[in-house]
Amino acid sequence: MKGEDIVSAKEKVNIDWENLRFDYIKTDFRYISRWKDGKWDEGELSEDNMLSISEASTALHYGQQCFEGLKAYRTKDGDIQLFRPDENSKRMAVSCRRLLMPEVPEDKFIEACKRVVKANEQYVPPYGTGATLYLRPFVIGVGHNVGVKPAPEYIFCIFCVPVGPYFKGGLAPVNFNVAEYDRAAPYGTGGVKVGGNYAASLLPHEKAVKAGFADCIYLDPLTHTKIEEVGAANFFGITKDNKFITPQSESILPSITKYSLMHIAKEYLGMEVEERDVLVDKLDEFAEAGACGTAAVITPIGGIEYKGKMHVFFSETEVGPVTHKLYDTLCGIQIGDIEAPKGWIVKVG
Ligand SMILES: *Cc1c(COP(=O)(O)O)cnc(C)c1O
């Protein structure tokens, strides 16, 4: 009987893998664990995609919540694998500490990722479609509380959705403008993955889209002279002498994709790599530029509009050769076609 259930569940999944966008689809199971009286419970898989929480939860009023994003990939052999989930776990722990939330131990985090992927196996897109299964872990403060203080209870949850490219078109250049807003403050929470940063970015994002851009670029909040983030992705540029450059700042969210690309640029492509200031009025130094992140993967930046002038990097329609090589190598590693550095791949066995 159990066997039949699984077969019928598989038959239910009728997804047009090649045309997936970055949209919510209810998958069969999500993982939920609750923290109470100083400890996390065992955690369980649930078919219910609704959370019932106190109206006085700190996550609802004071933004006491953080999240992560990572993907499961189907290899040529049909295996399923995760890309650097230990890094997501470590970063989520940093976010939790910043907001006085309890950390999720790394083994619990990775085990939960594997359980969610396994339980939703039929939603992991086939090899070669370009689609992947996106995992969204999060921690929220819940329980009855009105004053501004940490919540008495927490929920750690992971759900998943099959997704295609985040920006329309996949590996095709898109344009950005420079926001007149900041997404984070100096010494604020820009360096941690918390919802408040995203709430602050909704209006600038909408304005950028209305003006015809894919998203906006955020400058450093102190001097407004240096590039920090490209929407919800990190920035990189390839200088005319073939160096991989990416900005350094405490208010940039440390992208795992970015650090992976720094390694790939150096070790796989033999490039020099630098993490340093990127001045918005010195974009001439770059032959190519891109945005990177789990959702964005690599999105080539066609041009950036700043103070009414459009600066085009490589081309507004073509992908630069170095950006292309970085993309092919990163994706090759993620889907198992190219050998990964030690520890980057975790099989969902
Ligand atoms: C999540 C995120 C990124 C990308 O990080 P990855 O680990 O590469 O997915 C970049 N910028 C912001 C603001 C983010 O929230």
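Residues numbered from 1 in each chain as written. Predicted model: local features only at pLDDT ≥ 70, side-chain atom pairs only at ≥ 80, totals over all residues. Heavy atoms only, no water.

## Digging into the UniProt feature "modified residue: N6-(pyridoxal phosphate)lysine" (unreviewed entry) in the protein chain
- Summarizing the sequence annotation, UniProt attributes the feature "modified residue: N6-(pyridoxal phosphate)lysine" (unreviewed entry) to K193 in the numbering used throughout.
- Given the relative accessible area of 12%, K193 is considered buried.
- Filtering out sequence-adjacent residues up to four positions away, K193 remains in contact with C66, F67, E68, G69, R91, S95, Y198 and L253. (UniProt positions renumbered as here; feature names shortened; annotations may be inferred. Buried < 20%, exposed > 50% of the residue type's maximum accessible area, 1.4 Å probe, protein only. Contact = heavy atoms within 4.5 Å.)

## Let's talk about the pairing of strand β13 (residues 243-246)
- For strand β12 (residues 233-239) and β13, the ladder comprises 2 bridges, and the chain directions are antiparallel. Each residue of the ladder has a partner; that of I238, found in β13, is F244.
- Between β12 and β13, which pair antiparallel and follow one another directly, the connecting turn spans 3 residues, one of which, N242, has a positive phi of 70 degrees.
- By the bridge criterion, 4 bridges tie β13 to strand β14 (residues 272-275) in an arrangement that is parallel. Residue pairing across strands places I245 opposite E274, the latter belonging to β14.
- Between β13 and its parallel partner β14, the chain crosses via helix α6 (residues 256-268), and the hand of that crossover is right-handed. (Pairing = 2+ DSSP bridges. Helix = DSSP H or I, 4+ residues; strand = E, 2+ residues; numbered from the N terminus. Right-handed = clockwise from strand over helix to strand, strands pointing away.)

## Considering the packing of aromatic side chains
- Applying the stated rule across the entire model yields 11 aromatic pairs.
- Their ring planes at 65 degrees and their centres at 5.7 Å tell us that Y31 and F156 sit as a pair that is edge-to-face. In this pair, Y31 is assigned in strand β1 (residues 30-36) and F156 in strand β8 (residues 153-163), connecting sequence segments 125 residues apart.
- Centre to centre, the rings of F235 and F286 are 5.9 Å apart; their planes meet at 70 degrees, and the pair counts as edge-to-face. (Phe/Tyr/Trp six-rings, centres within 6.5 Å; stacked < 30°, edge-to-face > 60°.)

## Section: α6
- Taking 1.5 Å as the rise per residue, α6 with 13 residues should run 18 Å; its terminal C-alpha atoms sit 17 Å apart, in good agreement.
- Residues I256, T257, K258, S260, L261, M262, I264 and A265 constitute the buried set of α6.
- One side-chain oxygen at the N-terminal end of α6 lies 3.2 Å from the backbone nitrogen of T257; it belongs to S255.
- The first or second residue beyond α6 is G270, which carries a positive phi of 65 degrees. (Expected span 1.5 Å × (residues − 1). Polar contact = N/O pair within 3.5 Å; in protein donor to acceptor, adjacent residues only side chain to side chain.)

## Observations regarding the side chain of Q64
- Structurally, Q64 can be placed in the loop between α2 (58-61) and β4 (65-67).
- Among the polar contacts made by the side chain of Q64, one reaches the side chain of T58 at a distance of 2.6 Å.
- Those residues in contact with Q64, other than ones at most four positions away along the chain, are T58, A59, L99, L100, M101, V139, I140, G141, P150, A151 and Y154.

## Quick look at the pattern of salt bridges
- All told, the structure shown has 15 salt bridges when counted by the stated rule.
- Residue K226 is joined to D277 by a salt bridge in which the shortest nitrogen-to-oxygen separation is 3.7 Å. Placement of K226 in the loop between β10 (215-219) and β11 (227-230) and of D277 in the loop between β14 and β15 (286-293) is noted, with a sequence separation of 51 residues between them.
- Residue classification places K226 among the partly exposed positions, given a relative accessible area of 24%.
- The class for D277 is partly exposed, based on a relative accessible area of 39%.
- The partner of E285 in a salt bridge is R276, with the nearest N and O atoms 2.9 Å apart. (Salt bridge = Lys/Arg side-chain N within 4 Å of Asp/Glu carboxyl O.)

## Observations regarding the nonpolar core
- Counting 38 residues, the largest nonpolar core has L82, V117, L135, V139 and F156 as the members making the most contacts within it.
- Elements with a minimum of two residues in this core: β1, β5 (70-74), β6 (80-83), α3 (85-98), α4 (106-119), β7 (132-142) and β8.
- Counting residues per element, this core draws most heavily on α4, at 6 residues.
- Setting aside residues no more than four positions away along its own chain, V139 makes contact with W40, Q64, Q65, C66, M92, C96, M101, V104, Y154, I155 and F156.
- Counting 21 residues, the second-largest nonpolar core is a separate cluster that includes V174, A214, I301 and F313. (Core = buried A, V, L, I, M, F, W, Y, C linked by side-chain atoms within 4.5 Å.)

## A short note on the site of the ligand
- Near the ligand lie 14 residues; those nearest to it are K193, Y198, S255, T257 and T294.
- Y198 places a polar side-chain atom, nitrogen or oxygen, 2.4 Å from an oxygen atom of the ligand.
- Between the ligand and the protein, one listed contact pairs a nitrogen atom with a backbone N or O atom of A232 at 3.3 Å.
- For the ligand, whose unbound accessible area comes to 380 Å², protein coverage reaches 96%.
- Its atoms largely coinciding with the cavity grid, the ligand occupies the largest pocket. (Near = heavy atom within 4 Å. Areas by Shrake-Rupley, 256 points an atom, 1.4 Å probe, with all protein chains shown as cover. 1 Å grid on protein atoms, 1.4 Å probe; cavity = no way out; pocket = protein on both sides within 12 Å on 5 of 7 lines; lining within 4 Å. Sits in = over half its atoms within 2 Å of the grid points.)

## Regarding the pairing of β8
- Within β8, 9 of the 11 residues are buried, which leaves it mostly tucked inside the rest of the structure.
- Relative to β8, β1 runs antiparallel, the two being bridged by 5 bridges. Among the inter-strand pairings, R34 is bridged to a residue of β8, identified as I155.
- In this structure, β7 lies alongside β8, joined through 11 bridges in antiparallel fashion. Of the residues in β8, the one forming a bridge with V142 is E153.

## Considering the layout of surface pockets
- Here the largest pocket defines a volume of roughly 780 Å³.
- Y166, Y198, D215, G231 and A232 are the residues nearest the centre of the largest pocket, which is lined by 36 residues in total.
- Breaking the lining of the largest pocket down by element, the ones donating at least two residues are β7, α5 (195-210), β10, β11, β12, α6 and β15.
- Tallied by class, residues from the lining of the largest pocket come to 18 nonpolar, 10 polar and 8 charged.
- Counting contributing residues per domain, the lining of the largest pocket is built from domain 1 (3-164) and domain 2 (174-334), each supplying no fewer than three.
- Taken as a whole, the second largest pocket holds about 530 Å³ of empty space.
- Around the second largest pocket sit 32 residues that line it, and G130, A131, T132, Y327 and C331 are the ones nearest its centre.
- Mapped onto the lining of the second largest pocket, the elements with two or more residues apiece are β5, β16 (297-306) and α7 (321-334).
- Take the lining of the second largest pocket: its biggest share by element is 4 residues, from α7. (Points joined across faces, edges and corners; volume = space filled by probe spheres on them. Nonpolar A, V, L, I, M, F, W, Y, C, P; charged D, E, K, R; others polar. Domains from an automatic or database assignment.)

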